[in-house]
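One letter stands for each residue in the lines below.
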Amino acid sequence: MKQFRNNVIRAGLGALYFTGAHYLLRPIFAGVGAIFMLHHVRPPREAEFRPNGHLEIAPDFLRAMLAHLRSRGIDIITLDEMHRRLADADFSRHFACFTLDDGYRDSRDFALPVMREFDAPFTVYVASDFAEGRGRLWWLALEMVIAKASSIEVSIGGAAGRLDASTDAAKQAAFDHLHDWLRSLPDEHDARREMAALCARHGIDETAISRELCMPWDELKPFADDPLVTIGAHTITHGNLARQTEETARHELATGRARIEGMLQRPVVHLAYPYGDRIAAGTREFALARAAGYKTAVTTRPGMIFPESAEHLTALPRVSLNGNYQNRRILPVLTSGAATAMWNGFRRIDAA
Ligand SMILES: [Zn+2]
């Protein structure tokens, strides 16, 4: 088994498909269901420099995934129904849930029509500051800064320097460098201040991005009324909860939700941790989400849902529909559990 695992880990998604390894892995890693994670759903853009391209898929790719699931007889269900099946150990049928993060207008304009074709429910996680038009989608602001600049002056660790951004390759390298640096800063306020300074120097209005891309409350209201739509919480500011004091993290979890409940007049019982990876959500955050009363909370850790997930409802893994891998060949690989097993080191439960 060890050699087999190593071979699979070395292989890419394409190799998994061509070797048929995902069929061999299915009985072990398919689980009882999967929660798919999406961000933007919209027609592809032409630009060569698209450092956030992994966060957007085309409507056609979503349609292909839904058709694939239907052809396999997999139920597409709400998070409430997933919660019920886990609580009742009702695993007579495989299931899939669809979740879209951040509350973008394209969730309504491009994802909803495709979901409707399949009568498929989905959840959209809203960060309340995004809906209030003062959100900071700094990863998109960074893309805009670098897209229009030919060089970037930055001071990293007290050392002033200049990053080349004159070609697409240089822009990508500059983006990766600054993105990793900003995410590595131990204090969220530092990252926020550095990003604000960068935007000011390059004439980018950071909060205008949330007003342009995200649904405000008066658009969320009719959207939330659609019978296929569930609205979940995504904190107030979309900060890194694990880097916040416990008091702040509690406030982000409770108040972000209360604002949505107040504005949309409906209970909000599902959460997505912003960023959702190991450096943004761990055991403390899983406990805080449980204490805040969320029925489920999803991470961005890769994995399928297993019966044992019922014991870890605020640490659920997801399967990313990644914009860099929009090839129909990988659909059976993603639904087999083979890809996520490869990415998470062959763990069934990853909740610590
Ligand atoms: Zn998010």
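Every chain begins its residue count from 1, and numbering advances along the sequence as written. Side-chain atom pairs in this predicted model are given and counted only at pLDDT of 80 or more, local residue features only at pLDDT of at least 70, and totals for whole chains, interfaces and linings cover all residues. Excluded from the side-chain calculation are hydrogens and water; included are all heavy atoms of the structure.

J.: What's the story with the overall build of the protein chain in this structure? I'm lost.
T.: Secondary structure counts use DSSP, requiring at least four H or I residues in a row for a helix and at least two E residues in a row for a strand, with both numbered from the N terminus. A count of helical and extended segments in the protein chain gives 16 helices and 12 strands. In terms of C-alpha radius of gyration, the protein chain reaches 20 Å, essentially the compact-globule figure of 20 Å for 352 residues. Relative accessible area decides the class of each residue, using a 1.4 Å probe on protein chains only: under 20% of the type maximum gives buried, over 50% gives exposed, and in between gives partly exposed. Among the 352 residues that make up the protein chain, the fraction classed as buried is 55%. Residue contacts are counted whenever heavy atoms from the two residues lie within 4.5 Å of one another. Sequence-distant contacts, at least 24 apart, represent 72% of the contacts inside the protein chain between residues at least 6 apart. For the accessible areas, the method is Shrake-Rupley and the probe is 1.4 Å, while residue cover comes only from the protein chains on display. Surface exposure of the protein chain reaches about 15000 Å², of which carbon and sulfur atoms provide 52%. Put simply, the radius of gyration uses C-alpha atoms, and a globule should come to 2.2 Å times the residue count raised to 0.38.

J.: Where do I start with the pattern of salt bridges in this structure?
T.: A pair can form between side chains of opposite charge whenever their charged atoms are brought close. Any carboxyl oxygen of Asp or Glu within 4 Å of a side-chain nitrogen of Lys or Arg constitutes a salt bridge here. What the rule picks out here adds up to 33 salt bridges. For the salt bridge of Asp-75 with Arg-85, the shortest nitrogen-to-oxygen distance reads 3.0 Å. With Asp-75 in strand β4 (residues 75–76) and Arg-85 in helix α5 (residues 79–88), this pair connects stretches of sequence that are 10 residues apart. Neither Asp-75 nor Arg-85 differs from the other in exposure class; each is buried. The partner of Asp-226 in a salt bridge is Arg-116, with the nearest N and O atoms 2.7 Å apart. Placement of the pair is Asp-226 in the loop between α12 (217–225) and β9 (229–233) and Arg-116 in helix α6 (residues 105–117), with a sequence separation of 110 residues. For Arg-116, a relative accessible area of 48% translates into the label partly exposed. A network of salt bridges, in which partner residues are shared, links Asp-75, Glu-81, Arg-84, Arg-85, Asp-88, Asp-90 and Arg-93.

J.: Can you help me understand the packing of aromatic side chains in this one?
T.: For any pair of aromatic rings, the description consists of the separation of the ring centres together with the inter-plane angle of the planes. The pairing test for Phe, Tyr and Trp rings, Trp by its six-membered ring, is centres within 6.5 Å, and the orientation test on the planes gives stacked under 30 degrees, edge-to-face over 60, and tilted for anything in between. On inspection of all chains with the given rule, the structure shows six aromatic pairs. Ring centres of Phe-49 and Phe-175 lie 6.5 Å apart, and the angle between their planes is 75 degrees; on these two criteria the pair is classed as edge-to-face. In this pair, Phe-49 sits in the loop between β2 (40–41) and β3 (56–57) while Phe-175 sits in helix α9 (residues 168–184), placing the two residues 126 residues apart along the sequence. Here the two residues Phe-49 and Phe-175 agree in accessibility, since each one is buried. Members of the aromatic cluster, connected to one another through ring pairs, are Trp-138, Trp-139 and Tyr-275.

J.: I'm lost on the pairing of strand β1 (residues 33–38) in this one. Help?
T.: Within a regular strand, side chains alternate between the sheet's two faces. Burial runs high along β1: six of the six residues are buried. Side-chain alternation along β1 places Gly-33, Ile-35 and Met-37 on one buried face and Ala-34, Phe-36 and Leu-38 on a second face that is also buried. With two bridges connecting them, β1 and strand β12 (residues 316–320) associate as parallel partners. From the neighbouring strand, Phe-36 faces β12, where its bridge partner is Val-319. What makes two strands pair is DSSP finding at least two bridges between them.

J.: Mind showing me how you'd approach helix α14 (residues 283–291) here?
T.: The periodicity of an α-helix, 3.6 residues per turn, causes residues three or four positions apart to be oriented the same way. Listed as buried for α14 are Glu-285, Phe-286, Leu-288 and Ala-289. An end-on view of α14 places all buried positions within 165 degrees of arc, on one side of the element. Exposed side chains of α14 directed beyond 90 degrees from the buried face belong to Thr-283, Arg-290 and Ala-291. Taken from the residues just after α14, Gly-293 is the one with a positive phi, measuring 95 degrees. This arc corresponds to the set of directions leading from the helix axis out to the C-beta atoms.

J.: Would you mind going over the coordination of the zinc ion with me for this structure?
T.: Tetrahedral coordination by four donors places them ideally at 109.5 degrees to one another around the metal; octahedral coordination by six donors ideally gives 90 or 180 degrees. Counted as coordinating are nitrogen, oxygen and sulfur atoms within 2.8 Å of the metal, or 3.2 Å for Na, K and Ca, while water is not included, which may make sites look incomplete. Binding of the zinc ion to the protein goes through Asp-102 (OD), His-234 (NE2) and His-238 (NE2), at separations of 2.1 to 2.2 Å. As a motif over one chain, the donors of the zinc ion read D-x131-H-x3-H. In this pair, Asp-102 is assigned in the loop between β5 (95–101) and α6 and His-234 in the loop between β9 and α13 (246–264), connecting sequence segments 132 residues apart. Owing to a relative accessible area of 2%, Asp-102 belongs among the buried residues under this scheme. A relative accessible area of 1% places His-234 in the buried class.

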